[in-house]
Amino acid sequence: MPPTPHQGHVVVAPDKFKGSLEGAEAAARIAAGIRRAAPGTEVRELPVADGGEGTVAAALAAGFSRVPAEVAGPTGLPVDAVLAVRDDTAVVELAQAAGLARLPGGRAAPLTAGSYGVGQLIAKAVSLGVKRIVLGLGGSACTDGGAGMVQALGARLRDADGAELPPGGAALRRLAVIDPGPLADTLGGVEVVVACDVDNPLLGPRGAAAVYGPQKGADGADLVVLEAGLTRFADLVAEATGRDVREAPGAGAAGGVGFGALALLGATVRPGIELLLDLLDFDGAVRGASLVVTGEGCLDAQTLHGKAPAGVAAAAARAGVRVAAVAGRLELAEPEWRAAGFTAVIALTDLIASTASTDSTDPADPTDPTTLAERPGESMARAAELAELAGERLAERLLPG
């Protein structure tokens, strides 16, 4: 049976609405709508993430301290990045240093983009004296297997002439010698935990290059080059360490940075949303709540496989609290989202017709194909306003009184 409604606080815990709202803004807007519909209700904002982009922002919103750092971007040009620190834990987000959004002018560099800046962020965290680093993977511009990351931390990757390899996955084809020795001294016993929401291996048809390379601008010829480079890297890492983790779930995450972390940093992998909910003390926040509201830009089949809203729904269910969702678009049938534990779902695209009918004496026909095609773009442009309205509608439907 579903949890029984009772008077308690509401926890608003959305992920980002990609392209329109960051997690913190989405939480603020949904919360504002709830407060308007249910004055006097305590509403707690707790934006979440699944280990990808927005992970550091979620940690900062939960009270972690902001630590700025200038590091190398994916093409080597300096970028301003941020890590989050609280007590003995640091949260490092790959996308801050090596993300697609960090490519100068948005120009793809599939063969030469690297992860050196990620290693610099890890080194910064180590210098602060932390004992654990949570490394969020996602949104990467590189396919270098984490080679740049470990070079920044002291590993030596040389070609047959003894020269240090340049950045990028293509250069890995020339790799002749790996000396990982200095890594242990750099890390100094700090635990590294990878927050990851994919289980891809490093190589093959489900690997880093084949699956994610095209998203980074790689064409067919580039994919062959990148696969060869990653294979060479995996072979020599196995020789140098005595461990072969190329088939490990998550090794193919973020262009193979998952592999570099597992094989050379001794990292462990946890599902991103589970790890982030622990960091944010979600169980404590939801205790005694009457409702949890989560959400993201698109609620679809991927949501059900490790994305933030599904993780929030599962955690809320364990606490015996109802959970609803706000989505930019809804691509799940009602039986699917109900089976995932949601009591109600509101899509911003579905709110457009209702707001048009109140704002216009001659509203567009909501069933007209042209109107339907325009809705996703309009919902993104009006995301803040519509998220607030969604919060109001959920409160009217689900909160007592």
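This part takes up helix α8 (residues 220-241). In this model, α8 (22 residues) spans 32 Å end to end at C-alpha, consistent with the 32 Å of a helix rising 1.5 Å per residue. Taken residue by residue, α8 has Asp222, Val225, Leu226, Gly229, Leu230, Phe233, Ala234, Leu236, Val237 and Ala238 as its buried positions. On its buried face, α8 sits against α5 (147-152), β7 (156-158), β8 (177-179), α7 (208-212) and α9 (257-264). The opening residue of α8 is Asp219, an N-cap whose side-chain oxygen sits 3.2 Å from the backbone nitrogen of Ala221.

Before going further, it helps to examine the pairing of strand β9 (residues 191-196). Counting buried positions over the six residues of β9 gives five, a clear majority of the element. Pairing of β9 with strand β10 (residues 268-271) involves four bridges; the strand directions are parallel. Residue pairing in the sheet places Ala195 in a bridge with Arg270 of β10.

A separate point is empty space enclosed by the protein. Under the defined criterion, the tally for this structure stands at one cavity of 30 Å³ or more. Empty space within the largest cavity amounts to approximately 60 Å³. Sorting elements by how many residues they give to the lining of the largest cavity places α5 first, with three residues. In terms of residue class, the lining of the largest cavity is made up of six nonpolar, three polar and one charged.

The rules behind these values
- Residues numbered from 1 in each chain as written.
- Predicted model: local features only at pLDDT ≥ 70, side-chain atom pairs only at ≥ 80, totals over all residues.
- Heavy atoms only, no water.
- Helix = DSSP H or I, 4+ residues; strand = E, 2+ residues; numbered from the N terminus.
- Expected span 1.5 Å × (residues − 1).
- Buried < 20%, exposed > 50% of the residue type's maximum accessible area, 1.4 Å probe, protein only.
- Contact = heavy atoms within 4.5 Å.
- Polar contact = N/O pair within 3.5 Å; in protein donor to acceptor, adjacent residues only side chain to side chain.
- Pairing = 2+ DSSP bridges.
- 1 Å grid on protein atoms, 1.4 Å probe; cavity = no way out; pocket = protein on both sides within 12 Å on 5 of 7 lines; lining within 4 Å.
- Points joined across faces, edges and corners; volume = space filled by probe spheres on them.
- Nonpolar A, V, L, I, M, F, W, Y, C, P; charged D, E, K, R; others polar.

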